[in-house]
Every structure is written in C-alpha cells, then in structure tokens.
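The primary structure of each chain is shown beneath.
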Amino acid sequence: MKRLAVFISGNGSNLQAILDATAEGRLPDTSVAVVVSNRKEAYGIQRAEQAGVPVIYHPLRPYRQAGKPREQYDADLAELIAPFEVDLIVLAGWMHILSMAFLRHYPRVLNIHPALPDTFPGTHAIERAWEAFQRGEIEHTGVMVHLAPDEGVDNGPLVCQEIVPIYASDTLETLEARIHEAEHELYVRAIAQVLGL
Ligand code: GRF
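Nothing here was measured: the structure is a model prediction, and the numbers come from that model.

Conventions we followed
Residues numbered from 1 in each chain as written. Predicted model: local features only at pLDDT ≥ 70, side-chain atom pairs only at ≥ 80, totals over all residues. Heavy atoms only, no water. Near = heavy atom within 4 Å. Polar contact = N/O pair within 3.5 Å; in protein donor to acceptor, adjacent residues only side chain to side chain. Areas by Shrake-Rupley, 256 points an atom, 1.4 Å probe, with all protein chains shown as cover. 1 Å grid on protein atoms, 1.4 Å probe; cavity = no way out; pocket = protein on both sides within 12 Å on 5 of 7 lines; lining within 4 Å. Sits in = over half its atoms within 2 Å of the grid points. Pairing = 2+ DSSP bridges. Helix = DSSP H or I, 4+ residues; strand = E, 2+ residues; numbered from the N terminus. Axes fitted to C-alpha atoms, helices over the stretch in contact; angles between N-to-C directions. Contact = heavy atoms within 4.5 Å. Phe/Tyr/Trp six-rings, centres within 6.5 Å; stacked < 30°, edge-to-face > 60°. Buried < 20%, exposed > 50% of the residue type's maximum accessible area, 1.4 Å probe, protein only. Points joined across faces, edges and corners; volume = space filled by probe spheres on them. Nonpolar A, V, L, I, M, F, W, Y, C, P; charged D, E, K, R; others polar.

Bringing the site of the ligand into the picture now. Taken together, Asn11, Gly12, Ser13, Asn14, Gly93, Ile112, His113, Pro114, His180 and Glu183 form the complete shell of residues around the ligand. At 2.7 Å from an oxygen atom of the ligand is found a main-chain nitrogen or oxygen belonging to glycine 12. When the ligand is considered free in solution it has 370 Å² of accessible area, and contact with the protein chains removes 83% of it. Its atoms largely coinciding with the cavity grid, the ligand occupies the largest pocket.

Here it is in structure tokens:
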C-alpha cells in the first residue's frame, strides 16, 4: 500500500480528485494517509473528514507571533507527519513554500500549478494567463505537475503537463473551470507515474 500526505490551504478540489481516484481504483493500492491544512477554514478539511482521513491543522501564525523561524514550523511539520509513514507528499493548493528544514526529510514532494512550466509562477496564475490572452500575448495556457526538491516557487523537475485551450468566448470563470478539470485528471496521472503504479 502506497501512502500519501496531501497538503491543502483551501477548497481541496484536487484533494477530492485524489480521494475519488483512490476509492475508484484509479490509484490502485494507494491511500491518503493524512491531510495537512495550514488554514482552519479550508473546505478541504471537510472533504478529508468525510473520507475518514485524519487531518493535521498546522498554522503558521503562532510561530510568527512567537518570533519563531519558518524553519521551526517546517521541522515541526516534518515531525508531525512522520508517524504516518508516507511515500509521497502531494501539495494541492498549499500556500506555503517548504524550506529545506522540511524537504530534507521528504525528498519526494509533488506540486501542481495551473499554468505551463516557466509561465505565471506564484498566485493568481489563471487570472494572469487570462489577462495575457486578452492582450494577445498567449493563445493557450495549461497545467503542470512538478517535483519540488528545493525552495523554488512553482518550478522543479517536470513530471507532466497539459495544454489547456483558451477560447474567445471564454470568461475568467469558464477558463478556471477548464483548468481545474484538467488539473484533477493530470494530478492523478502524475501520482500514478511517480509511484510507478
Ligand atoms: C489549484 O489551482 C492548484 O493548481 C493551485 O491551487 C489551486 C488549489 O485548488 N496550486 P484546490 O484547493 O485543489 O481546489
């Protein structure tokens, strides 16, 4: 049995896609062993609880308030998930950059980004792609899954990518929906590939 830890900060639609894939046998012999959220109000926590998956809530704020360094937060996070003995960390909308204080313990970390490699890193990637399309600078966008071996933002060795078309009739909302749909499929495929399923 391969065991995943999924890190979320919000809606958790990618987490849901992964949970569904494990339940439906599209990720055979794989389970989500633990979900980590840095935000208490993340809807993904409810998705995890509904699936019977343990949740760790690990907020950064108390560390900031106590003047503790980010490395301490990350080292504690590594320790909190150690008992779950996971094979792979899956970042699914996790809004923190993991430092080496975490990554040295977990060399296999996957991240998904709603844009193609080397385009629109960071937040609001879909919105920025949409604006670039309006200005005539791009004709399509995409999604990618990459390994996160270091502290780079939305870059690292590519696992897979997929082009997502943008149509003249699109609104930001229709484009977002098409990108998220592509993400949900690509992430499951990428996890299967990395786990050698
Ligand atoms: C996704 O678009 C992902 O690519 C980005 O954050 C979003 C998370 O969405 N890193 P969700 O929480 O999985 O619905």
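Additional details are given in the paragraphs that follow.
Moving on: the sheet that holds strand β7 (residues 158-165). A sheet is described by the order of its strands in space; here seven strands give the open sequence β3-β2-β1-β4-β5-β6-β7, paired in mixed fashion. Across the chains shown, the open sheet's two edge strands, defined by having one partner strand only, are β3 (55-57) and β7. Averaged over all adjacent pairs, the angle separating strand axes in this sheet is 20°, with direction ignored. In terms of strand pairing, strand β6 (residues 140-147) meets β7 through seven bridges, oriented antiparallel. Across the sheet, the residue bridging to methionine 144 is glutamine 161, located in β7. Packed onto the sheet, helix α1 (residues 13-23) meets β1 (2-8), β2 (30-37), β4 (88-91) and β5 (109-113) and runs at close to 160° relative to β2. The strands that helix α4 (residues 70-81) touches are β1, β2, β3 and β4; relative to β2, the one it contacts most, it runs at about 145°.

One pass over the full model with this rule turns up five aromatic pairs. Centre to centre, the rings of phenylalanine 7 and phenylalanine 102 are 5.7 Å apart; their planes meet at 65°, and the pair counts as edge-to-face. Of this pair, phenylalanine 7 sits in strand β1 while phenylalanine 102 sits in helix α5 (residues 100-103), placing them 95 residues apart in sequence. Just as phenylalanine 7 is buried, phenylalanine 102 falls in that class too. Consider the rings of tryptophan 130 and phenylalanine 133, whose centres lie 6.1 Å apart with planes at 20°: the pair is stacked. Here the residue tryptophan 130 and the residue phenylalanine 133 both occupy positions in helix α6 (residues 125-134), the gap between them amounting to three residues, near one helical turn. Taken together, the ring pairs in this structure connect Phe7, Trp94, Phe102 and Tyr106 into an aromatic cluster.

Our next topic: the layout of surface pockets. Quantified by volume, the largest pocket comes out at close to 950 Å³. For the largest pocket, the lining is made up of 35 residues, of which Gly93, Trp94, Met95, Pro114 and Gly122 are closest to its centre. At the level of elements, α1, β5, α6 and α7 (172-195) are the ones that each hand at least two residues to the lining of the largest pocket. Partitioned by chemical class, the residues of the lining of the largest pocket number 13 nonpolar, 16 polar and six charged. Empty space within the second largest pocket amounts to approximately 170 Å³. Around the second largest pocket, the lining residues are Asn38, Arg39, Lys40, Glu41, Tyr57, Pro59, Leu60, Arg61, Arg64 and His96. Residue classes in the lining of the second largest pocket are distributed as three nonpolar, two polar and five charged.

What follows concerns unusual backbone geometry. At aspartate 29, a residue that is not glycine, the phi angle is positive and equals roughly 50°. Residue placement: aspartate 29 occurs in the loop between α1 and β2. Of note in the backbone geometry, aspartate 118 takes a positive phi value of approximately 65° without being a glycine. Within the element layout of this structure, aspartate 118 appears in the loop between β5 and α6.

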